[in-house]
Amino acid sequence: MKDVRKELERLSSEIEEHQYLYYVKNQPKISDLEFDQLFSKLQKLESEYPELVSPNSPTRRVGSDLSNDFKKFNHKIPVLSLENTYSTQELIDWATKLDLDELYSLEWKVDGASIVLYYRNGSLEHAVTRGTGGVGDDITENIRTIKNIPLRIKEKSELIVRGEVYMTFTDFEEFNKENSGKYANPRNLVSGSIKQKHSYQVASRPLKIVVYDAFSPEIKKFSTHSDWMDFLKLMKFPVSEDMEFHKVSNFSKIIEKFRKKKEKLNFPTDGMVIKLNSMKRREILGNTTHSPRWARALKFDATLKETIILDIDFAIGRTGKITPRAKIEPVELLGTTVTYATLHNQDYINEKKIGIGARVLVAKRGEIIPAVEEVLEISKQGIFRLPDRCPTCSTKLIKIDESVDYFCTNTKCKARVLNSLIFFCQKKQMDIEGLGEKQITNFFETETIQSIPDIYDLHLKREELENREGLGKKSVDIILKGIEVSKNKDLRFLLPSLGFSEIGHRVTEFLRDAGYKNIDEIIQVAQSESGRDRFLSIHGLGERTVDSILSVFQNPIHLKLISDLKERGLKFSFDEINKSKEQIFSGQTWCITGSFDNFQPREKAVEIIKIYGGSVTTSVTNKTSVLLAGEKAGSKLDKAQKLNTKILNESEFLDLLKSFGIKWD
Ligand SMILES: [Zn+2]
C-alpha cells in the first residue's frame with residue numbers, strides 16, 4: 001500500500017512537471033504521446049486503488065461527462081475506450097503481432113458522444129453516457145427523442161448496445177444557421193444537446209446514432225462480430241454502412257481508401273476503428289483496465305504526419321539558447337507545407353534517439369511550431385549530438401539552473417545580439433516598419449547597428465545610408481520614419497521588446513494592472529527591501545517571475561540600456577487607458593480564448609473590452625457574460641457551452657464592434 005501511494009505521488013509529480021514544462025515553459029521534454037501514456041498509467045493505478053486517489057491528482061483536472069442533473073447508472077459491462085494508433089504502419093504492426101490470419105472489422109470512428117443502450121423484453125430501458133466507464137448519466141428520456149433509435153426490438157433477451165450519437169455536417173450547418181452560428185462544431189453541439197434538462201429541447205435537434213458493438217449475457221449464438229452486426233441490422237439498428245472485413249494483408253489498401261473517402265463524408269470522424277472479428281479470440285485476449293486488447297483506433301490526425309529527417313541544424317537565439325531543428329521531407333500539416341520541425345534540446349534528442357535519416361512522426365498542435373514527436377525507425381547514423389561550443393562565438397555551452405537547454409552565456413555573442421535586435425523590431429514588439437530580419441541583419445553585419453540604442457541614432461547617418469547600394473532615399477525615409485513612430489509605443493510594448501528574462505507581454509500587463517505607471521516605479525520597488533513581497537502580491541506573478549524581475553532591474557547593464565533609451569526619447573511609461581464615454585460593455589465580464597486574425601497579440605482584444613467598460617478574466621465561470629472564442633478554442637469553449645454562456649467568434653465580435661462604430665486597429 002505504501003509503495004502504491006509512493007508510486008501515485010511519483011507519477012502525479014512527474015505529470016505536473018511535464019504540464020509545467022509544456023504549458024508554462026513551452027519546453028516539453030517528452031512527446032504528447034508519451035504524456036498520454038504517463039497519464040493513463042496514473043489513471044489505471046488510481047482506478048485500482050480508488051481509496052488512495054488525492055483530490056488534487058492531475059487526473060481530476062480532466063473531469064468526466066457526469067453532471068448533477070441526471071440519475072447515475074452503474075454500467076453492466078465495463079465501458080472501455082480504445083487505445084490509439086497514429087500511423088497505418090503502427091496499426092499494421094499491432095495487428096500482425098495479434099493475429100495475421102484472422103479477419104478484422106474496419107469502420108469509421110464517428111466523432112460524437114458515446115452512448116450505451118440497455119434493452120430488456122424488447123424495449124429500450126436505459127440510455128447511459130460513458131461517464132467514468134463504470135458509472136454514467138442516465139439520459140434515457142433525451143436519447144428516446146433521437147429518431148433513428150429503435151425503441152422496441154423483436155429480440156426479447158437482455159441486450160446491451162454501444163453506439164455514438166452524432167450530427168451530420170448538413171444538419172449542423174442548418175441548425176447553427178438558425179441559432180446565429182453560436183456552435184463551434186457538431187461534436188460540441190451533440191454533447192451539449194444530449195445533456196439538456198428537458199427532452200423536448202433535445203427533440204428539436206437533428207441528432208442521429210450509429211451502433212458498433214453489442215453484448216448480451218443471454219445470447220451466445222454469434223461467433224463473430226460480423227454476425228452480431230447482421231443481427232443488429234435485422235433488429236433495425238443503424239449500423240455503419242462502411243464496415244468492412246479484412247485480413248492484415250489488405251489493411252494498407254483499405255485504410256488508404258478510407259483516408260481518401262474521409263473528406264467526402266457528411267459526418268465528423270477522427271479516424272477508424274479496427275477490431276478482431278472472432279468473438280472467441282476477443283474473449284481470450286480480454287481487456288486491460290482501460291481498453292480491449294482486440295481493438296485499436298487509428299487516428300487520422302491532421303496534426304500528425306510521417307516523414308524522414310534529411311538534416312539537422314541549430315541556431316543560437318537571443319537568450320543564448322541553442323535550438324536544434326530537423327530539416328524534413330516536406331509534409332502537409334493542417335493545410336501548410338512543413339519543411340522544418342523542432343527537436344527542442346539534446347535531452348529530447350537522446351530520449352527519442354533522433355538522428356539524420358530517421359523515420360519520424362511530426363506534429364503541429366495549435367500555434368506551436370511543428371515538432372518531431374516520435375521516432376518510428378532509428379537512423380543508421382546514430383543519435384545526433386549538438387556541438388558543446390557556441391557555433392558563433394565558441395563559448396562553451398552550459399545548462400542554466402534546472403533547464404533542459406544549453407545556453408551560450410556570452411552576452412556579447414553576435415548571434416545573440418543580432419537575434420535580440422531582430423526581436424526588438426518585430427511586429428509583435430516595437431513593430432518598426434522597414435526593419436525586418438533581412439535589413440537588421442544587413443545593418444548588423446555592416447556594423448551600422450550594434451545595439452538597440454544604435455537604432456535610435458540611425459538618423460545621424462542618414463546621408464551615408466542614402467548613398468548606400470540597395471537602399472536609396474525612399475527606403476531610408478521609410479526606415480527612419482518607422483523608428484520615429486516606434487517612439488510612441490508605450491511601456492506595454494517597449495518593456496517586452498527588451499527581451500528581459502520572463503518579462504513578456506503578460507507580465508508587463510500584470511504590472512500595469514497592478515497600478516505601476518512607469519519604469520521608474522518598477523525599478524524603485526525592485527531595488528527596495530520589500531520589493532519581492534510587493535511583486536509577489538500581484539495577481540499572476542509567481543516566485544520564478546518575481547525573482548527574475550528583481551534581478552533584471554538590479555542589473556547595471558540593463559539599467560544603462562534603459563537610461564540610454566530614455567535619452568533617445570523612448571516612452572517608459574504606460575499610456576492611460578482611455579476609457580471611452582460609451583461604456584457599452586459596462587458590467588460585463590468577458591473571457592477570451594483561442595487565437596485571432598485581427599487581434600495579435602490577443603491582449604489587443606482585451607484592451608478594447610476594457611476601454612469600453614468591460615472586465616476580462618482568465619477563466620469561464622457562471623459569472624462570465626461573454627466568451628470570445630477564436631480559432632482553436634479548447635476547454636474554455638466546452639465549459640461555456642455547458643454553462644450556456646454567450647459565445648462570440650471573431651467575426652461576430654468584429655460585427656459587434658462595427659455596429660457601435662468602434663475601430664479595432
Ligand atoms: Zn555565442
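Just so it is clear, the model here is predicted, and its values are computed rather than measured.

**Notes on the domain arrangement of the protein chain**
Size of an interface: often given as the accessible area lost when the parts come together.
Then, number 1: Examined at the domain level, the protein chain breaks down into domain 1 (2-61), domain 2 (72-299), domain 3 (304-406), domain 4 (414-486), domain 5 (491-567) and domain 6 (589-659).
Then, number 2: Put simply, the middle of domain 2 and the middle of domain 6, counted by C-alpha atoms, are 34 Å apart.
Then, number 3: The largest share of the area that domain 2 buries against domain 6 comes from Lys182, Ala184 and Asn188, three residues that together contribute 69% of it.
Then, number 4: Seen at the junction of domain 2 and domain 6, the total is zero salt bridges.
Then, number 5: Put simply, domain 2 and domain 6 have zero residue pairs in polar contact (both at pLDDT 80 or more) between them.
Then, number 6: In the side of domain 2 that touches domain 6, the residues fall into two nonpolar, three polar and one charged.

**Some remarks on the coordination of the zinc ion**
For a metal with four tetrahedral donors the ideal donor-metal-donor angle is 109.5 degrees, whereas six octahedral donors ideally subtend 90 or 180 degrees.
Then, number 1: Every protein donor of the zinc ion is listed here as Cys390 (SG), Cys393 (SG), Cys408 (SG) and Cys413 (SG), and their distances to the metal cover 2.3 Å.
Then, number 2: Geometry at the zinc ion is tetrahedral, judged from its four donor atoms and the angles of 99 to 115° they form at the metal.
Then, number 3: Between consecutive donors of the zinc ion, the numbers of intervening residues give the motif C-x2-C-x14-C-x4-C. A residue pair is termed long-range when its members are at least 10 positions apart, and cysteine 393 in the loop between β16 (371-377) and β17 (398-399) and cysteine 413 in the loop between β18 (406-407) and α12 (414-425) qualify at 20 residues.
Then, number 4: With a relative accessible area of 1%, cysteine 413 lands in the buried category.

**A short note on the sheet that holds strand β19 (residues 589-593)**
Then, number 1: Taken in spatial order, the four strands of this open sheet run β20-β19-β21-β22, and their pairing is parallel. The sheet terminates laterally at β20 (615-617) and β22 (646-649), the two strands that pair on one side only. Within this sheet the neighbouring strands show an average axis-to-axis angle of 30°, counted without direction.
Then, number 2: Where helix α25 (residues 650-659) meets the sheet, its contacts fall on β19, β21 (626-629) and β22, and the angle it forms with β22 comes to roughly 90°.

**Some words on the nonpolar core**
Then, number 1: Core analysis: the largest hydrophobic core is formed by 53 residues, its most contacted members being Phe424, Ile455, Phe535 and Phe553.
Then, number 2: It is α12 that provides the largest number of residues to this core, a total of six residues.
Then, number 3: For this core, the domains that each give at least three residues are domain 4 (414-486) and domain 5 (491-567).
Then, number 4: Other than its neighbours up to four places away in sequence, phenylalanine 535 contacts Leu511, Tyr516, Ile522, Val525, Ala526, Leu541, Val546, Ile549 and Leu550.
Then, number 5: The next biggest cluster of nonpolar side chains, apart from the first, holds 38 residues, and it includes Phe70, Leu159, Ile194 and Phe237.

**Thoughts on the packing of aromatic side chains**
Each aromatic ring pair is specified by the distance between its two centres and by the angle formed by the two planes.
Then, number 1: Evaluation of the coordinates by the stated rule reveals 18 aromatic pairs.
Then, number 2: Linked through ring pairs, Phe585, Trp590, Phe596, Phe599 and Phe653 together constitute an aromatic cluster.
Then, number 3: Directly above the ring of tyrosine 340 sits arginine 325, whose terminal nitrogen or CZ lies 3.7 Å from the centroid.
Then, number 4: Stacked on the ring of phenylalanine 493, the Lys or Arg lysine 489 has its end atom at 4.2 Å from the ring centre.

**What to know about the pairing of strand β3 (residues 104-110)**
In summary, the side chains of a regular strand alternate between the two faces of the sheet.
Then, number 1: In terms of residue burial, β3 counts as a mostly covered element, since six of its seven residues are buried.
Then, number 2: Summarising the sheet, β3 and strand β9 (residues 244-246) pair through three bridges and their orientation is antiparallel. Considered in β9, the bridge of tyrosine 104 is made with histidine 246.
Then, number 3: In this structure, β3 lies alongside strand β10 (residues 269-276), joined through six bridges in antiparallel fashion. Residue pairing for β10: leucine 106 is matched across the bridge by isoleucine 274.

**Observations regarding the side chain of lysine 352**
Then, number 1: Along the chain, lysine 352 turns up in helix α11 (residues 346-352).
Then, number 2: Exposure remark for lysine 352: the relative accessible area of 9% places this residue in the buried category.
Then, number 3: When near neighbours in sequence (up to four residues on either side) are disregarded, lysine 352 contacts Ser31, Glu34, Glu373 and Val375.

**Observations regarding the pattern of salt bridges**
Then, number 1: Counting across every chain of the model gives 41 salt bridges.
Then, number 2: Between glutamate 7 and arginine 10 there is a salt bridge whose closest N-O contact spans 3.2 Å. Remark: arginine 10 and glutamate 7 occur in helix α1 (residues 2-24); sequence separation between them is three residues, near one turn of the helix.
Then, number 3: Among the residues examined, glutamate 7 registers a relative accessible area of 28% and is labelled partly exposed.

**Comments concerning the packing of helix α19 (residues 519-526) against helix α22 (residues 556-567)**
Then, number 1: The contact between α19 and α22 brings their axes to 13 Å, and the two run at 160°. One way to sum up the angle between α19 and α22 is to call them roughly antiparallel. Where α19 crosses over α22, the two elements pack in a sense that is left-handed. Seen from α19, the contacting residues are Ile519, Asp520 and Ile523; seen from α22, they are Leu559, Ile562 and Lys566.
Then, number 2: Each residue belonging to the contact of α19 with α22 can be placed in one class, and the counts come to four nonpolar, no polar and two charged.

**With respect to the environment of valine 626**
Then, number 1: Tracing the backbone shows valine 626 in strand β21.
Then, number 2: Taking the C-alpha atoms as reference, valine 626 lies 48 Å from histidine 225; in sequence the two are 401 residues apart.
Then, number 3: Dropping the residues within four chain positions of it, valine 626 is found in contact with Gln588, Thr589, Trp590, Cys591, Thr645, Lys646 and Leu648.

**A closer look at helix α3 (residues 88-98)**
Then, number 1: Three or more residues of α3 are buried, namely Thr88, Leu91, Ile92, Trp94, Ala95 and Leu98. For α3, the buried positions fall inside an angular range of 160° around the axis, keeping them on one side.
Then, number 2: For α3, the secondary structure elements touched by its buried residues are β2 (84-85), β3, α9 (251-262), β10, α10 (279-285) and β11 (295-299).

**Some details on the environment of isoleucine 77**
Then, number 1: For isoleucine 77, the location among the structural elements is in the loop between β1 (72-74) and β2.
Then, number 2: According to the relative accessible area criterion, isoleucine 77 is buried, its value standing at 14%.

**Points about the packing of α12 against helix α13 (residues 437-445)**
Then, number 1: Between α12 and α13, the least distance of the axes is 10 Å, while the angle of their chain directions is 140°. With respect to their mutual orientation, α12 and α13 come out oblique. Taken as a pair, α12 and α13 cross one another with a handedness that is right-handed. Together, Lys414, Val417, Leu418, Leu421, Ile422 and Cys425 of α12 and Glu437, Ile440, Thr441 and Phe444 of α13 make up the contact between the two elements.
Then, number 2: Grouping the amino acids of the contact of α12 with α13 by side-chain chemistry returns seven nonpolar, one polar and two charged.

Cut-off values and rules
Residues numbered from 1 in each chain as written. Predicted model: local features only at pLDDT ≥ 70, side-chain atom pairs only at ≥ 80, totals over all residues. Heavy atoms only, no water. Domains from an automatic or database assignment. Buried area = accessible area lost by both parts, 1.4 Å probe. Salt bridge = Lys/Arg side-chain N within 4 Å of Asp/Glu carboxyl O. Polar contact = N/O pair within 3.5 Å; in protein donor to acceptor, adjacent residues only side chain to side chain. Nonpolar A, V, L, I, M, F, W, Y, C, P; charged D, E, K, R; others polar. Donors = N, O, S within 2.8 Å, 3.2 Å for Na, K, Ca; no water. Tetrahedral: all angles 85-135°; square planar, octahedral: opposite > 155°, others 65-115°. Helix = DSSP H or I, 4+ residues; strand = E, 2+ residues; numbered from the N terminus. Buried < 20%, exposed > 50% of the residue type's maximum accessible area, 1.4 Å probe, protein only. Pairing = 2+ DSSP bridges. Axes fitted to C-alpha atoms, helices over the stretch in contact; angles between N-to-C directions. Contact = heavy atoms within 4.5 Å. Core = buried A, V, L, I, M, F, W, Y, C linked by side-chain atoms within 4.5 Å. Phe/Tyr/Trp six-rings, centres within 6.5 Å; stacked < 30°, edge-to-face > 60°. Lys NZ or Arg CZ within 6 Å of the ring centre and 35° of its normal. Parallel < 35°, antiparallel > 145°, perpendicular 65-115°, else oblique. Left-handed = near helix turned anticlockwise from the far one by under 90°. Arc of directions from axis to C-beta.

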